[in-house]
Amino acid sequence: MEQYAIKGGNPLVGEVEIAGAKNAALPIFAAAAMTEETVYIDNVPDVRDIDVMLDAMRGIGVMVKKADRHRIVMNAGNIHNLTVEDDRCKKIRGSYYLLGAFLGRYKSAEVVLPGGCDIGSRGIDQHLKGFRALGAEVIIEHGLIKARAAQLRGSHIYMDKVSVGATINVMMAATLAEGMTIIENCAKEPHVVDVANFLNSCGANIKGAGTDVIRIRGVARLHGTEYGIIPDQIEAGTYMFAAAVTRGDVLVKNVIPKHLESVTAKLLEIGCEVEEADDCIRVVAARPPMHTQVRTLPYPGFPTDMQPQITVALALAKGTSIVTESIFENRFKYVDELARMGADIKVEGGDTAIIDGVGKYTGASVTAPDLRGGAALVIAALAAEGFSTVDDIKYIERGYEDFHLKLQSLGAQIELVETDKDFQKFKLKVS
Ligand code: UD1
């Protein structure tokens with residue numbers, strides 16, 4: 001089984017180019033299936049979750065071509081099946097965006113109950129509430145979510161919970177409903193805005209994305225477009241924290257600094273220097289990190305998807321830090337693995353990590369429990385004294401393009417190995 005072999009101790013130094021946002025690309029693919037015309041999508045990240053989604057879409061008759069590594073051409077003029085039950089779709093969250101897309105276009109959709117990282121119960125009640133408010137009948141049967149409507153009509157919907165997925169899904173269905181839909185208490189994440197911009201470029205009439213209230217005037221049809229996906233702020237944030245944890249100096253390129261404000265603010269708080277330009281951010285960590293408090297919140301708060309990465313930094317800071325996870329209830333699974341490297345963290349009540357800084361990590365064999373937790377363990381290993389291995393990297397590959405290659409280009413000693421023999425070879429090479 002593939003794993004990362006890592007020798008820690010080198011500060012990361014250099015430049016790294018950020019790929020397109022996976023969590024914007026997944027709903028944009030679904031939205032692209034709302035028109036029968038051809039759509040060209042650029043800046044698509046080359047990661048596993050994207051492949052799974054595209055394969056599922058091919059399976060129901062969508063023409064999907066990779067024009068180059070990051071450009072997808074899609075035509076959904078010949079969809080022959082509105083039931084998406086590809087087994088691999090259970091593993092990705094984004095597959096449920098086909099519900100909103102097909103409900104809008106065909107007034108009917110059946111999609112397997114979604115999976116994604118095991119970080120909590122991840123309800124879908126707000127999606128279903130939104131679809132029902134638009135006039136759909138929704139049931140869950142044999143592991144499928146089935147939504148159907150004679151007609152979709154605009155409605156006034158108040159989300160009980162701020163949800164990225166529900167905001168996007170209901171916005172997509174409402175795009176092709178009759179009349180005006182107002183969604184209140186929306187998620188404001190950059191990828192919500194990106195999906196709205198994409199749909200508007202196809203002829204939709206969506207206003208207010210990026211605020212608490214989104215207004216959608218339904219249109220009869222959507223047309224083809226050419227669109228570039230926004231940079232992945234979580235990938236960018238991960239390299240920013242990798243610089244902080246390894247006491248490096250990294251220029252993170254192709255980003256929208258505004259999307260990273262909460263991450264930048266925390267890096268400044270823990271003592272890093274952060275310089276912003278139009279489309280890049282440089283992080284210099286001349287000193288060990290300082291302790292602080294952080295609570296994850298919906299955007300523009302500190303992202304839950306950056307919680308493991310900041311915890312890895314704070315576990316090296318002098319003093320006590322507290323990290324509170326307010327979005328998902330099961331997001332500290334990586335903490336037990338980090339303890340193998342010497343971290344001193346107690347998780348209380350499932351949502352609060354009390355961290356006593358230890359000053360240094362020591363290399364160990366660890367297992368990635370999920371996507372972001374896995375990336376955080378790699379960062380810890382890069383700062384640790386000696387050798388580490390990180391197993392179950394399939395999780396990390398779901399969301400990070402060329403992770404080990406980009407880290408290598410920043411001077412990290414990291415390699416993909418399959419056997420113990422490979423690991424021994426790696427040890428000899430870098431010793
Ligand atoms: C998306 C991201 C994920 C990120 C999360 C929060 C994708 C594929 N995944 O996940 O990486 O961590 O946003 O930024 O884009 N909830 C309900 N009922 C619902 C919907 C959500 O109770 O109907 C709860 C969830 O269990 C969770 C919280 O609301 O506790 C936020 O979930 P949501 O914003 O929907 O996250 P996802 O869209 O699943």
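Keep in mind that this is a model prediction, so the values were computed, not measured.

**Focus: the overall build of the chain**
Counting secondary structure elements, the chain contains 14 helices and 24 strands. Against the globule reference of 22 Å for 431 residues, the chain gives a C-alpha radius of gyration of 22 Å, in line with a compact fold. For the chain, the proportion of its 431 residues judged to be buried stands at 58%. Looking at the chain alone, contacts between residues at least 24 apart form 72% of all its contacts between residues at least 6 apart. Of the accessible surface of the chain, which amounts to about 16300 Å², a share of 48% is contributed by carbon and sulfur atoms. Looking at charge distribution, the chain has the averaged site of its 47 positive side-chain charges lying 2 Å from that of its 56 negative ones.

**A short note on the side chain of Arg-372**
Within the secondary structure, Arg-372 sits in helix H11 (residues 371-383). On the basis of relative accessibility, which here comes to 3%, the residue Arg-372 falls in the buried class.

**With respect to the site of the ligand**
The immediate surroundings of the ligand are formed by 20 residues, with Asp-125, Gln-126, Ser-163, Asp-305 and Ile-327 found nearest. A distance of 3.2 Å separates an oxygen atom of the ligand from a polar side-chain atom of Asn-23. Considering the ligand on its own, with 740 Å² of exposed area, one finds that the protein chains cover 90% of that surface. Elements represented by at least two residues in the shell around the ligand include exactly helix H4 (125-133) and helix H5 (164-175). Here the shell around the ligand gets three residues from one element, more than from any other, and that element is H4.

**Quick look at the sheet that holds strand S3 (residues 38-42)**
With mixed pairing, four strands are arranged side by side in an open sheet as S4-S5-S3-S14. At either margin of the open sheet sits one strand with a lone partner, and together these are strand S4 (63-68) and strand S14 (225-228). Neighbour-to-neighbour, the strand axes of this sheet turn through a mean angle of 20°, independent of strand direction. The pairing of S4 with strand S5 (residues 71-75) spans five bridges and is antiparallel. Bridge pairing links Val-64 to Met-74 in S5.

**Quick notes on helix H8 (residues 261-269)**
Among all positions in H8, only Ser-262, Val-263, Thr-264, Lys-266 and Leu-267 are buried. For H8, the secondary structure elements touched by its buried residues are helix H7 (233-246), strand S16 (273-276), strand S17 (280-284), strand S18 (293-295) and helix H9 (307-314). Gly-271 lies just past H8 and shows a positive phi near 100°.

**Description of the sheet that holds strand S19 (residues 320-324)**
As summarised here, the arrangement of the four strands in space is S18-S19-S21-S20, forming an open sheet in which the pairing is mixed. Edge positions in the sheet fall to S18 and strand S20 (344-348), since each has one partner strand and no second. Going across the sheet, the axis of each strand differs from the next one's by a mean of 15°, ignoring polarity. For S19 and strand S21 (residues 352-356), the ladder comprises five bridges, and the chain directions are antiparallel. From the neighbouring strand, Thr-320 faces S21, where its bridge partner is Asp-356. Sheet strands touched by H9: S18, S19, S20 and S21. Its angle to S19, the strand with the most contacts, is close to 170°.

**A look at the packing of aromatic side chains**
Counting across every chain of the model gives nine aromatic pairs. Ring plane angle 85° and centroid distance 5.5 Å describe the contact between Phe-198 and Tyr-227, whose orientation is recorded as edge-to-face. Remark: Tyr-227 occurs in strand S14 and Phe-198 occurs in helix H6 (residues 190-201); sequence separation between them is 29 residues. Each member of the pair, Phe-198 as well as Tyr-227, is classed as buried. Aromatic ring contacts, followed pair by pair, group Tyr-4, Tyr-239, Tyr-400 and Phe-403 into a single cluster. In this arrangement the basic side chain of Lys-427 is found over the ring face of Phe-387, its NZ or CZ atom lying 5.4 Å from the centre.

**Topic: the nonpolar core**
Ranked by internal contacts, the top residues of the largest apolar core, which has 80 residues, are Phe-29 and Leu-199. Counting residues per element, this core draws most heavily on helix H1 (residues 22-32), at eight residues. If sequence neighbours within four positions are ignored, Leu-199 has contacts with Ala-31, Met-34, Met-171, Met-172, Thr-175, Ala-204, Ile-206 and Leu-222. In this structure, Ala-236, Ala-242, Met-341 and Val-390 belong to the second largest nonpolar core, which totals 68 residues.

**As for the environment of Gly-319**
Turning to its location among the elements, Gly-319 is positioned in the loop between H9 and S19. Once the C-alpha coordinates of Gly-319 and Val-250 are considered, the two residues, 69 residues apart in sequence, prove to be 26 Å apart. With residues up to four places along the chain from it excluded, the contact list for Gly-319 reads His-291, Ile-355, Asp-356 and Gly-357.

Each value, and the rule that gives it
- Residues numbered from 1 in each chain as written.
- Predicted model: local features only at pLDDT ≥ 70, side-chain atom pairs only at ≥ 80, totals over all residues.
- Heavy atoms only, no water.
- Helix = DSSP H or I, 4+ residues; strand = E, 2+ residues; numbered from the N terminus.
- Rg over C-alpha atoms; globule rule 2.2 N^0.38 Å.
- Buried < 20%, exposed > 50% of the residue type's maximum accessible area, 1.4 Å probe, protein only.
- Contact = heavy atoms within 4.5 Å.
- Areas by Shrake-Rupley, 256 points an atom, 1.4 Å probe, with all protein chains shown as cover.
- Lys, Arg positive; Asp, Glu negative; His and termini not counted.
- Charge placed at Lys NZ, Arg CZ, Asp CG, Glu CD.
- Near = heavy atom within 4 Å.
- Polar contact = N/O pair within 3.5 Å; in protein donor to acceptor, adjacent residues only side chain to side chain.
- Pairing = 2+ DSSP bridges.
- Axes fitted to C-alpha atoms, helices over the stretch in contact; angles between N-to-C directions.
- Phe/Tyr/Trp six-rings, centres within 6.5 Å; stacked < 30°, edge-to-face > 60°.
- Lys NZ or Arg CZ within 6 Å of the ring centre and 35° of its normal.
- Core = buried A, V, L, I, M, F, W, Y, C linked by side-chain atoms within 4.5 Å.

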